[in-house]
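Summary of the model geometry
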Amino acid sequence: MLVKPSYFGATRGSKVLFIGESPGKEEAKDGHAFVGRSGRLLRECVSASLPNVQCKADNICPEVLPEGTKPNPKILKKHAEYVRNSIEDFRPNVIVAMGEHALKGLGIKTRPLKANGKVFAWGETKVVGCVHPSYVLRSGGKELRKIREALCVARSELGGTSSSQVEYDIIESPTKAKTFLRSLKKQLVAVDIETTMLNPYNFGARILCVGVSNGKRAVVFPTREPSSESLLQVLL
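Residues numbered from 1 in each chain as written. Predicted model: local features only at pLDDT ≥ 70, side-chain atom pairs only at ≥ 80, totals over all residues. Heavy atoms only, no water.

Focus on the sheet that holds strand S1 (residues 6-9)
Paired through their backbone hydrogen bonds, the strands of a sheet run either parallel or antiparallel. Keep this limit in mind: In this scheme, strands are said to pair when DSSP sees at least two bridges between them. The secondary structure listing takes helices from DSSP runs of H or I that are at least 4 residues long and strands from runs of E that are at least 2 residues long, numbered from the N terminus. Axes, fitted as lines to C-alpha atoms, cover a helix only where it is in contact. Angles between the N-to-C directions of the axes lie from 0 to 180 degrees. Two residues form a contact once any of their heavy atoms are found within 4.5 Å.
In space, the six strands of this open sheet follow the order S1-S3-S2-S4-S6-S5, with mixed pairing throughout. Two strands bound the open sheet, and with one partner strand each, they are S1 and strand S5 (119-122). In this sheet, neighbouring strand axes are inclined to one another by 30 degrees on average, regardless of whether the strands run parallel or antiparallel. Bridge analysis of S1 against strand S3 (residues 54-59) gives four bridges, and the strand direction is antiparallel. Within S3, the position partnered with Phe-8 by the bridge is Cys-55. Its contacts with the sheet put helix H2 (residues 37-49) on S1, strand S2 (15-20), S3 and strand S4 (94-98), and the angle it makes with S1 is roughly 30 degrees.

Let's talk about the pattern of salt bridges
The criterion, for reference: By salt bridge we mean one thing: a side-chain nitrogen of Lys or Arg within 4 Å of a carboxyl oxygen of Asp or Glu. Classification of residues uses two cut-offs on accessible area relative to the type maximum, computed with a 1.4 Å probe and protein chains only: under 20% is buried, over 50% is exposed, and between them is partly exposed.
Counted under the stated rule, the structure contains seven salt bridges. Across the salt bridge formed by Glu-26 and Arg-40, the nearest N and O atoms sit 3.8 Å from each other. Placement of Glu-26 in helix H1 (residues 25-30) and of Arg-40 in helix H2 is noted, with a sequence separation of 14 residues between them. Between Lys-146 and Glu-143 there is a salt bridge; the shortest N-O distance is 3.7 Å. Take Lys-146: its relative accessible area is 23%, and that puts it in the partly exposed class.

Re the state of the cysteines
Filter applied, for reference: Note on terminology: pairs of cysteine sulfur atoms within 2.5 Å are recorded as disulfides.
For the structure on display, the rule yields zero disulfides. The thiol of Cys-45 is not disulfide-bonded; the next cysteine sulfur, from Cys-130, is found 8.3 Å away.

Regarding the nonpolar core
Put simply, the rule is: Buried Ala, Val, Leu, Ile, Met, Phe, Trp, Tyr and Cys residues that are joined via side-chain atoms within 4.5 Å together make up what is termed a nonpolar core.
Core analysis: the largest hydrophobic core is formed by 29 residues, its most contacted members being Phe-18, Val-46 and Ile-147. Contributions of two or more residues to this core are made by S2, H2, S3, S4, strand S6 (125-130), helix H7 (133-138) and helix H8 (144-157). Per-element accounting of this core gives the leading share, five residues, to H8. Excluding its chain neighbours within four sequence positions, the residues that come into contact with Ile-147 are Leu-41, Cys-45, Cys-130, Val-131, Pro-133 and Val-136. Counting 18 residues, the second largest nonpolar core, distinct from the first, contains Leu-76, Ala-102, Leu-106 and Ala-115.

Thoughts on a nonpolar patch on the surface
The cut-off we apply is this: Patch members must show over 30% relative accessible area and no salt bridge, and they are joined within 9 Å when carrying like charges or within 5 Å when they are nonpolar side chains of Val, Leu, Ile, Met, Phe, Trp or Tyr. Per-residue accessibility takes into account occlusion by the displayed protein chains alone, with areas from the Shrake-Rupley method and a 1.4 Å probe.
Taken together, the side chains of Val-189, Val-191 and Ile-193 make up a nonpolar region of the molecular surface, amounting to roughly 230 Å² of accessible area. Looking at where Ile-193 falls in the secondary structure, it is placed in strand S8 (residues 190-195). Classification of Ile-193 by relative accessible area gives partly exposed; the value is 40%.

Here we look at the packing of aromatic side chains
Convention followed: Stacked, tilted and edge-to-face are the three classes applied to pairs of Phe, Tyr and Trp rings, where Trp contributes its six-membered ring and a pair requires centres within 6.5 Å; stacked means planes under 30 degrees apart, edge-to-face means over 60, and tilted covers the rest. Whether a charge lies above a ring is judged from NZ of Lys or CZ of Arg, which has to be within 6 Å of the ring centre and within 35 degrees of the ring normal.
The full count for this structure, using the stated rule, is three aromatic pairs. Taken together, a centroid distance of 6.1 Å and an interplanar angle of 50 degrees make the contact between Phe-180 and Phe-221 tilted. Here Phe-180, found in helix H9 (residues 174-183), pairs with Phe-221, found in strand S10 (residues 217-222); they are 41 residues apart in sequence, far enough to count as distant. Residue classification places Phe-221 among the buried residues on the basis of a relative accessible area of 0%. For the cation-ring pair, Lys-15 lies above Phe-90, with the distance from its terminal atom to the ring centre recorded as 5.2 Å. Positioned above the aromatic ring of Phe-8, the side-chain terminus of Arg-43 is 4.5 Å from the ring centre.

Some details on helix H4 (residues 80-90)
To keep it simple, the criterion reads: It is the directions from the helix axis to the C-beta atoms that the arc portrays.
Buried within H4 are the following residues: Val-83, Ser-86, Ile-87 and Phe-90. The buried residues of H4 occupy an angular sector of 95 degrees when projected down its axis, which confines them to one face. Buried residues along H4 sit in contact with S1, S2, S3, S4 and S5. In the stretch just after H4, Arg-91 is the one whose phi turns positive, near 50 degrees.

In structure tokens, the structure reads:
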């Protein structure tokens, strides 16, 4: 089964193609790339750092692989033509390659952490290396800055400025959390919660991180670790 790409963002303007690794369970069920937790995180970051940009999210391997299987060189070769057509059909101004296998599939041998925020090339198209959103989720939100850094570089390659960017911060201290929340008094805010399950009311579901934004500043509160209990109490 092949999963189709997803489109989001603006309907006109510069184009950015995000290439991930392979579809997960939610993507396999929906039939489109990046509709799960990683996709939601990606969209939040893009809306803050790359406003007014047309976006396409695809995978270096559009095939749903057996659980635990990663795109090996044979699989990457099998889908090379698909990737080439995906790029040529969309004609992006910038490609953001997310994760080790996306980088390898585009001929980039640098590891994701070292490639993050670095600029490479696929033919005449600039490629910005980036960690995969799932890496950020596994970190409990602590590595969110890496996606932000990569998107800042992508914006720079598009010729944009940071004037419209929403600042992202990470707060782990309950005291600082209280101070920030008090500063939002009587303001309209958006809140997003990432959990370990699609239904947060399921037994055993845990909150991984909480995001709060007033449109000018966004803060992520990582709550994955047991030591974050006091922070979670402040938020809830």
